[in-house]
Amino acid sequence: MRKICIVGAGYAGLLLGHGLLARGYDVTIVTDRTADEVRSGRIMSNQCLWGDSLALERELGLELWGAACPPIPGFDTHVLAPDGTVLHRFLAPLTSPGQSLDQRLKFAAWTELFAARGGRLSIMQVGADEIEALAASYDLVICAAGKGRGEMKRFFEIDPARTRYDAPQRFGASIHVRGRRPGDGRDADYETWAVIPGVGEFWIFPTLTVHGPGHVICLEGVPGGPLDVWHDVKGPEAHRRGVLALLEQWLPAESARCRDVALVDDKAFLSGGVAGAVARPVRVLASGRAVLAVGDAFVLNDPISQQGANSAARAARLYIERIVARADRPFDRAWMEETAARFWDYARWAVRLTELYLQPSDRFLDVFRLSARSPRMARMLADSNNDVAPFVAYLDAPERSGRRSFSPWSDVARSAAA
């Protein structure tokens, strides 16, 4: 039985661990926190998952919460001018509903289930020396600790050819709350998505928290702009008040629904910024052995595009397939480089989509204008979260006079503009 070690018990690491365990591998997950510590800790991110990612969870027997986790049927989309004027508003339904689950709840439960299914758990801090020792003891070591601390924070060298930014392009905050008032229309359970070019973005969506059903309220602001107010904000109540004050200013209807919300616990808040980066996915250790990156350790996206976990799910599926196909041949550096290259064929589209959200072009913003006129385009915009490449290809390849594209995006855009 081949022995595989995964460093990191986040979304990518746990999916990969469960998938390999189900296929008969001897799998160890190394993490620096117990399941109980994760469950009782701070929120980690605002994960929304789309159809393909949720399908993988079901395949691996990881859909543990059933109807208790509310669906996200689509987006109640707002486009505002920098002065707050509503330019466009429309519903963008998803073909397959999305879902959000408090990662504290999900990761803790999946970690416990991994052990119950026969996986090995090792709770320890990991640095270069520990990775070296693991690489000597296992047939393959995969690092999924992309947001790690200490030595693991930048264990894989940044690839400057694929990394556009060296600093966060948004600063924002998020809170998990209970007590949001019900809506009164068919959009009541939709994710509120507000885009304010030059200012920032808001998202409000249903979730299942460690304490039961609730909502996530999050926002990101362009550095130096009116939503970038979080550098000196400390503590749960200050974050709640700050988020609600910005809602009152920019989204008064949402402010009315959220006026009485309370945090689900005193660790249900976060703020800061993420500098998106792409790493060189294979690191050769001092011994000459190599280790492979996955998830945020390889490709770290700003959460604005909601692609981080969804890209990680695609990576986990691909890595599982590649490991199984390798049979008893060595997991050498050439195999690792080829595996990473195949994932990059997808991930490059998610990275580019994130860049387009961070610095929206006129063509990108025109999609919102046309979606307000075309229900078909609005649905395609929603589904682009799950099917990224066609949308990005359309945005990056404007049609030239005399040439016709048969892309569904191009055809629908022409129809909406007519």
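Criteria and thresholds
Residues numbered from 1 in each chain as written. Predicted model: local features only at pLDDT ≥ 70, side-chain atom pairs only at ≥ 80, totals over all residues. Heavy atoms only, no water. Helix = DSSP H or I, 4+ residues; strand = E, 2+ residues; numbered from the N terminus. Buried < 20%, exposed > 50% of the residue type's maximum accessible area, 1.4 Å probe, protein only. Pairing = 2+ DSSP bridges. Axes fitted to C-alpha atoms, helices over the stretch in contact; angles between N-to-C directions. Contact = heavy atoms within 4.5 Å.

Here we take up unusual backbone geometry. At Gln306, a residue that is not glycine, the phi angle is positive and equals roughly 55 degrees. Here Gln306 shows up in the loop between strand E17 (299–300) and helix H8 (308–326). According to the relative accessible area criterion, Gln306 is buried, its value standing at 10%. Here the phi dihedral of Ala327 falls at roughly 55 degrees; this positive angle occurs in a residue that is not glycine. Mapped onto the fold, Ala327 is located in the loop between H8 and helix H9 (333–358). Residue class for Ala327 comes out partly exposed when judged on its relative accessible area of 42%.

Reading across the sheet, the six strands line up as E6-E2-E1-E7-E16-E15 and stay open at both edges, with mixed pairing between neighbours. Taken across any chain shown, the strands that pair with only one partner, and hence form the sheet edges, are strand E6 (120–123) and strand E15 (282–284). Across the sheet, the mean angle from the axis of one strand to that of its neighbour is 25 degrees, orientation sign disregarded. Looking at chain direction, strand E1 (residues 3–7) and strand E7 (residues 140–143) are connected through four bridges and run parallel. From the neighbouring strand, Val7 faces E7, where its bridge partner is Cys143.

Counting buried residues along strand E2 (residues 26–31), six of its six residues qualify, which places the element largely inside the surrounding structure. Residue alternation in E2 divides its side chains into two sets, Asp26, Thr28 and Val30 and Val27, Ile29 and Thr31, and both sets are buried. One ladder, built from five bridges, connects E1 with E2; its direction is parallel. In the sheet register, Ile6 faces E2, and the bridge partner there is Ile29.

Structurally, Phe269 can be placed in strand E13 (residues 269–272). Those residues in contact with Phe269 that sit more than four places away from it in its chain are Arg42, Ile43, Ser174, Ile175, Gly235, Pro236, His239 and Leu263.

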